[in-house]
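Results of the structural survey
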Amino acid sequence: MLGHESPVISRASGCWLYTTDGRRLFDGAASMWCNVHGHQNPRLDAAISEQLGRVAHVTTLGMCCDVTLQLAEKLVQTCPSELEHIFFSSDGASAVEAAIKMAMQYWRQCDDPQPGKTRYLALGGAYHGDTTGGVSLGGIEYFHSIFSPLLFDPIRGPLPCSLRLPDGVRPESATEHYGGEIEGLLRQHHQSLAAVVMEPLVQGAAGIITHPVGFLAKVRELCDRFDVLLICDEVATGFGRTGEMFACDHESVTPDILCLGKGITGGYLPMAATVATRKVFEAFLGEIGERRQFFHGHTYGGNALAAAVALASLELFAETDLMAHVQSTAARMRERLAPLASIENVVEVRGRGMMVGIEMAVDGLASRVCQNAFRRGIWIRPLGEVVVLTPPLVATTDELDDVVDVLTEAIDEESQK
Ligand code: PMP
């Protein structure tokens with residue numbers, strides 16, 4: 001990209017990145033929303049070293065590594081109840097691709113087969129990764145539309161934004177309003193729908209769009225009523241980012257299939273998982289000759305080094321009571337960011353937990369604010385007209401106070417021009 005300066009990082013520690021030209025930057029993007037316990041965390045470093053002393057990788061196709069099995073068991077205990085079976089891959093987009101295929105194959109092989117269920121309902125502004133299936137579900141015009149000749153066509157639902165409501169819709173009736181739209185689409189299309197696919201609670205790449213409270217639970221209820229699977233893509237929201245271990249936990253929802261990635265390894269190594277309920281799993285169970293298995297596999301799925309660090313990350317969550325830390329630091333950060341909304345050119349400050357979006361009113365402003373923050377030692381990235389802040393979950397109150405001060409200066413600098 002012309003005119004773009006990319007810092008080169010040679011070392012990182014805690015929430016801080018160190019560049020080859022001697023600068024120190026706060027990792028306000030958590031290395032693309034995935035860093036949890038900080039960089040060079042001694043426990044995570046040790047977990048990888050120890051695993052390296054045993055085995056780095058064996059396939060998970062037809063065999064598996066003991067540490068991968070331990071991780072699968074631990075993930076089952078951590079995920080919302082009834083999600084009991086894990087399919088490992090290496091990145092979030094692959095976790096979504098697996099979920100899409102799993103849902104379709106499920107309807108061919110379940111007790112009451114419905115082979116006509118081959119379509120998906122995706123939300124407005126959806127983002128599910130950059131592979132062809134993920135892009136097909138995607139609803140972000142400037143990311144996705146150019147690829148339309150390659151894509152399948154989902155049923156498109158609303159963008160259920162909790163803050164900017166359609167005319168005549170009040171905050172207390174927002175869930176009913178958007179739920180009604182989903183209900184209408186399910187009523188019309190349920191016979192051809194394999195699954196509803198959604199980012200629960202917060203749509204990240206759409207610009208940290210928060211959903212009205214109760215919307216997720218409503219979609220779950222509607223999927224049950226119309227016999228459509230629910231796939232929740234928690235690649236971004238999973239592993240504590242919204243202030244609970246999973247976004248689904250906020251509304252006590254269990255999807256039929258859950259997609260995980262990013263923070264699963266604490267932000268250390270590529271790993272993702274597609275987690276299914278026993279109901280889904282059992283549709284694939286059969287003798288070898290029956291060919292009921294899931295026809296999908298990845299060379300590095302379940303990689304032992306990634307599994308070792310993921311296991312250590314889950315142990316750290318419990319030992320450090322990280323969720324309580326996130327809840328208190330995020331609440332303070334949001335309180336201190338709230339006054340920014342009254343600055344001219346700031347449309348809105350929104351978010352949930354450690355996912356914050358500051359929407360700017362003028363084209364190109366979000367990008368300039370990020371550049372101003374970069375000059376002041378904070379690394380953040382814009383998404384369209386939204387300044388996005390997603391610090392590592394371990395960031396301290398002092399660090400976050402400084403980040404808010406710098407961000408305020410970075411926005412003020414533009415207002416003064
Ligand atoms: N789903 C969601 C909700 C995401 O935010 C992302 C990545 N930002 C993905 C899927 C894709 O994950 P990956 O980049 O690891 O392929």
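Refer to the structure printed above.
Summarised in this report is the structure supplied together with it. Given the structure is predicted, the values throughout are model-derived calculations rather than measurements. (Residues numbered from 1 in each chain as written. Predicted model: local features only at pLDDT ≥ 70, side-chain atom pairs only at ≥ 80, totals over all residues. Heavy atoms only, no water.)

So, on to the sheet that holds strand S17 (residues 386-389). With antiparallel pairing, 4 strands are arranged side by side in an open sheet as S13-S14-S17-S16. Two strands in the sheet have a free side with no partner beyond their single neighbour: strand S13 (346-352) and strand S16 (381-383). On average, each strand axis in the sheet is inclined to that of its neighbour by 25°, with strand direction left out of account. Sheet analysis places strand S14 (residues 355-360) next to S17, joined by 4 bridges and oriented antiparallel. For Glu 359, the partnering residue across the bridge sits in S17 and is Val 386. (Pairing = 2+ DSSP bridges. Helix = DSSP H or I, 4+ residues; strand = E, 2+ residues; numbered from the N terminus. Axes fitted to C-alpha atoms, helices over the stretch in contact; angles between N-to-C directions.)

All residues in the neighbourhood of the ligand are listed as Trp 33, Asp 91, Gly 92, Ala 93, Tyr 127, His 128, Gly 129, Glu 199, Asp 233, Val 235, Ala 236 and Lys 262. The separation between an oxygen atom of the ligand and a polar main-chain atom of Ala 93 is 2.9 Å. A total of 390 Å² of accessible area belongs to the ligand in isolation, and the protein chains cover 81% of it. Its residues assigned to classes, the shell around the ligand shows 5 nonpolar, 3 polar and 4 charged. (Near = heavy atom within 4 Å. Polar contact = N/O pair within 3.5 Å; in protein donor to acceptor, adjacent residues only side chain to side chain. Areas by Shrake-Rupley, 256 points an atom, 1.4 Å probe, with all protein chains shown as cover. Nonpolar A, V, L, I, M, F, W, Y, C, P; charged D, E, K, R; others polar.)

So, on to the sheet that holds strand S6 (residues 155-156). Pairing within the open sheet is mixed, and its 7 strands lie in the order S4-S12-S11-S10-S7-S5-S6. Two strands close off the open sheet at either side, each with one partner strand: strand S4 (83-89) and S6. Across 6 bridges, S4 lies against strand S12 (residues 272-277) in antiparallel orientation. Paired with Phe 88 across the strands is Ala 273, a residue of S12.

The next thing to look at is the packing of helix H7 (residues 174-189) against helix H8 (residues 215-226). Two numbers describe how H7 lies on H8: the axes approach to 10 Å, and their chain directions differ by 25°. By the angle between their axes, H7 is roughly parallel relative to H8. Relative to H8, H7 is oriented so that their crossing is right-handed. Mapping the contact onto sequence places Thr 175, Tyr 178, Gly 179, Ile 182, Glu 183, Leu 186 and Arg 187 in H7 and Phe 215, Lys 218, Leu 222, Cys 223, Arg 225 and Phe 226 in H8. Along the lines of polarity and charge, the residues of the contact of H7 with H8 split into 7 nonpolar, 2 polar and 4 charged. (Parallel < 35°, antiparallel > 145°, perpendicular 65-115°, else oblique. Left-handed = near helix turned anticlockwise from the far one by under 90°. Contact = heavy atoms within 4.5 Å.)

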